[in-house]
Amino acid sequence: MSQIAENIKKIKESLPDGVRLVAVSKYHTAEAVQEAYDAGQRIFGENKVQELLQKYPALPDDIEWHFIGHLQRNKVKMIVPFISLIHSIDSPRLLAEVNNAAVKVGRVVDCLLQIHIAREETKYGFSIDECDEFLRVGEWKKFDYIRICGVMGMATFTSDETEVREEFDTLKQFFDRIKMNYFPNVEYFKEISMGMSEDYPIAIKAGSSMIRVGSYIFGPRIY
Ligand SMILES: *Cc1c(COP(=O)(O)O)cnc(C)c1O
């Protein structure tokens, strides 16, 4: 078995029912993605539009491509025709742009709201307060070509597990609260995308429904 296949198997064996694995293939080759695909992996995450547009046509049709990085509004239309889930909606304007582009191609696009839970200031995302305000104002309810399926967050990059756990707990509590207030009977509002190579076991304990794992599967990225 290849190293990639072995790594995927190890992670999958440790996943509770209902938690899905997004294999983050950014900076890795189409060949590496194919290897993971041959091991049964079907969901892949990319964070750059150009890189995704190169890999997408070169790989099997039944791959579910997820977009996980900061998305510029002028590039939205390039991925909307085929993307399965955008994890990184970080502003009201971006969500409006995805809806516009989706209307044009007649395809409903699933999205997650990216919430800033980390201590670091550089990471994108709504603050909890901004997201509350955005949901309260309610313009999103007019967007017929997007579905808000849940939330995504990244914890602080630290070896302090307590801090990481608190941040994931914060995201889970926020998810529960907005589900109750805005999406109580919406069956597709169920995703909490949290957990990466270094912290996914903590994220799973905190209630993650989707982990995004790159280096643990594919090895270190060469930039
Ligand atoms: C790169 C990336 C990951 C995967 O990171 P690893 O530490 O390699 O597992 C997960 N989520 C996002 C948003 C990323 O950009």
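Residues numbered from 1 in each chain as written. Predicted model: local features only at pLDDT ≥ 70, side-chain atom pairs only at ≥ 80, totals over all residues. Heavy atoms only, no water.

For clarity, the threshold we go by: UniProt positions are given in the numbering used here, feature names are shortened, and annotations may be inferred rather than shown by experiment.
The protein chain is annotated in an unreviewed UniProt entry as Pyridoxal phosphate homeostasis protein from Coprobacter secundus subsp. similis. One UniProt comment on the protein chain, placed under Function (unreviewed entry), says "Pyridoxal 5'-phosphate (PLP)-binding protein, which is involved in PLP homeostasis." For the protein chain, the Cofactor (unreviewed entry) comment in UniProt is given as "pyridoxal 5'-phosphate".

1. What to know about the layout of surface pockets
To keep things clear, this is the line we draw: Cavities and pockets are found on a 1 Å grid laid over the protein atoms alone: a cavity is a set of points where a 1.4 Å probe fits but cannot escape, a pocket is an open set with protein on both sides within 12 Å along at least five of seven lines, and a lining residue has an atom within 4 Å of such a point. Grid points are joined across faces, edges and corners, and a volume is the space filled by probe spheres set on the points. Helix numbers and strand numbers start at the N terminus; a helix is a DSSP run of H or I with at least 4 residues, a strand a run of E with at least 2. In this classification, the charged set is Asp, Glu, Lys and Arg, the nonpolar set is Ala, Val, Leu, Ile, Met, Phe, Trp, Tyr, Cys and Pro, and all remaining amino acids, among them Gly, are polar.
When its volume is computed, the second largest pocket comes out at roughly 160 Å³. Elements that contribute at least two residues to the lining of the second largest pocket include exactly β3 (64-67) and β6 (146-153). Here the lining of the second largest pocket is built from residues that sort into 4 nonpolar, 2 polar and 6 charged.

2. Re helix α5 (residues 92-105)
Going by this rule: By this rule, a helix spans an expected 1.5 Å times one less than how many residues it contains. Three exposure classes are used, based on accessible area relative to the maximum for each residue type with a 1.4 Å probe and protein chains only: buried under 20%, partly exposed in between, and exposed over 50%. By definition, residues are in contact when any of their heavy atoms lie within 4.5 Å.
Along its 14 residues, α5 runs 20 Å from first to last C-alpha, staying within 8% of the 20 Å computed at 1.5 Å per residue. Among the residues making up α5, those that are buried are Leu94, Leu95, Val98, Asn99, Ala101 and Ala102. Contacts made by the buried residues of α5 are with α4 (76-79), β4 (85-89), β5 (109-115), α6 (128-137) and β6. The positive-phi residue at the C-terminal boundary of α5 is Gly106, with phi of around 65 degrees.

3. Observations concerning the site of the ligand
Condition: We call a residue near a molecule or strand as soon as one heavy atom of that residue lies within 4 Å of the molecule or strand. By the criterion applied in these results, polar contacts are pairs of N or O atoms within 3.5 Å in which, for protein atoms, one can donate a hydrogen and the other can accept it, and in which residues neighboring in sequence qualify only through two side-chain atoms. Areas reported here follow the Shrake-Rupley algorithm with a probe of radius 1.4 Å; residue values treat only the protein chains shown as occluding.
Taken together, the residues surrounding the ligand are Val24, Lys26, Ile68, Met154, Met196, Ser197, Arg212, Val213, Gly214, Ser215 and Arg221. A distance of 2.8 Å separates an oxygen atom of the ligand from a polar atom in the backbone of Gly214. For the ligand, whose free accessible area comes to 380 Å², the fraction covered by protein is 91%. Of the residues contributing to the shell around the ligand, the split by class is 5 nonpolar, 3 polar and 3 charged.

4. Considering the pattern of salt bridges
Condition: Just to be clear on terms, a salt bridge is a Lys or Arg side-chain nitrogen sitting within 4 Å of an Asp or Glu carboxyl oxygen.
Across all of its chains, the model carries 13 salt bridges by this definition. Notably, a salt bridge pairs Glu51 with Lys55, separated by 2.8 Å at the nearest N-O pair. You can see Glu51 and its partner Lys55 sitting in helix α3 (residues 49-58), 4 residues apart, about one turn around the helix. Here Glu51 falls in the buried class, since its relative accessible area comes to 16%. For Asp110, the salt bridge is made with Arg147, and the minimal N-O distance between the two is 2.8 Å.

5. Some words on the pairing of β4
Filter applied, for reference: Between any two strands, at least two bridges found by DSSP are needed for them to pair. Orient the strands so they point away from the viewer; a crossover is then right-handed if the path from the first strand over the helix to the second runs clockwise.
β4 sits mainly inside the fold: 5 of its 5 residues count as buried. Relative to β4, β3 runs parallel, the two sharing 2 bridges. Of the residues in β4, the one forming a bridge with His66 is Leu85. In the sheet, β4 pairs with β5 via 2 bridges, with the strands oriented parallel. Of the residues in β5, the one forming a bridge with Ile89 is Leu113. A crossover connection joins β4 to the parallel β5 through α5; in handedness this β-α-β unit is right-handed.

6. Digging into unusual backbone geometry
A positive phi angle is found at Tyr27, which is not glycine, with a value near 70 degrees. Within the fold, Tyr27 resides in the loop between β1 (20-24) and α2 (30-38).

7. Points about the pairing of β5
Within β5, 7 of the 7 residues are buried, which leaves it mostly tucked inside the rest of the structure. The two faces of β5 match: Val109, Cys111, Leu113 and Ile115 on one face and Asp110, Leu112 and Gln114 on the other face are all buried. Judged from the 7 bridges that link them, β5 and β6 form a sheet pairing that is parallel. Residue pairing for β6: Asp110 is matched across the bridge by Arg147.

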